[in-house]
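A look at the structure
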Amino acid sequence: MTYQTVRLSRQGEVATLTLSAKMGSMGPDFWREMPQALAELGDARVLIVRGEKIFSAGLDVKTNAGQIGPVLGDVVGFKAVVAEMHAATEGLAALPIPVIAAVHGWCIGAGLELISGADIRLCSSDARFSLPEVKLGIAADLGGLQRLPHLIGRGRTAHLALTGEPIDAETAEIWGLVTEVMDTPDELFRRAEELAAQLVALSPKALEGTKRALTDDLPHAQSLSNAVEWNAHHMTLEGLQNALKK
């Protein structure tokens, strides 16, 4: 299917989702198309999410105003509008396959909330990250305030969210928001593809079980028990023997 705001491509078992709207902005078309694109992943084993000129300028306030304006003050109506946005951000986070976010240039607001649901975040040296919703008179409500404390700590999340001030690529790496910084966008995209190829070579059930354990947010004992049960169902002698041969 052809979309206006995202572009989905495949290279073998690796899918790449490119935010293709102008400056990666997220307007009503994006919130409708993103979940549709995720539903098209099929048998893809890894997903790379990236932008074009930049990663994303975040929520397109002007084009979204037509939906949001009429429901301000109406809790039920407002929740219904935001639920459509959650279908994109939560849908990405809920994927059973590894998600690699490759960020270059600006990653603002909803863009940062989107990548907080990725499993691995990489960036180039020109990347800048910002959660400026407070400057718009709102609280971020697309998952960033829930996920970022687990990634970078509550204090650093508070610094981002309460000041609305951006951080650069070096700071993002020090804080743990990203795990690697490449010099250029081209190097970034190559590195994302290299990582994706490494992941595709691994057992899909092992990757899914690992991702479940990392994201289940359950009490320690229950999470541990679930991991053991997963292995009991999916571990195979053949898989162990093949791994030992490598």
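Below you will find a few notes about this structure. This structure is a prediction, so every number in the text was calculated from the model and none was measured.

Re helix α5 (residues 144-152)
For α5, the set of buried residues is Gly144, Leu148 and Ile152. One side of α5 holds all its buried residues, which, seen down the axis, span an arc of 25 degrees. Facing away from the buried side of α5, by more than 90 degrees, are the exposed residues Gln146 and His150. Those residues of α5 that are buried lie in contact with α4 (110-115), α6 (154-163) and α7 (169-175).

Some details on unusual backbone geometry
Leaving glycine aside, a negative phi is the common case for residues, and trans is the common case for peptide bonds. Even without being glycine, methionine 23 reaches a positive phi, approximately 60 degrees. Secondary-structure assignment places methionine 23 in the loop between β2 (14-19) and β3 (25-26). Judged by its relative accessible area of 38%, methionine 23 is partly exposed. At aspartate 217, a position not held by glycine, the phi torsion is positive, near 55 degrees. With respect to the secondary-structure elements, aspartate 217 resides in the loop between α9 (204-215) and α10 (220-234). The exposure class of aspartate 217 is exposed, given its relative accessible area of 65%.

The rules behind these values
Residues numbered from 1 in each chain as written. Predicted model: local features only at pLDDT ≥ 70, side-chain atom pairs only at ≥ 80, totals over all residues. Heavy atoms only, no water. Buried < 20%, exposed > 50% of the residue type's maximum accessible area, 1.4 Å probe, protein only. Helix = DSSP H or I, 4+ residues; strand = E, 2+ residues; numbered from the N terminus. Arc of directions from axis to C-beta. Contact = heavy atoms within 4.5 Å.

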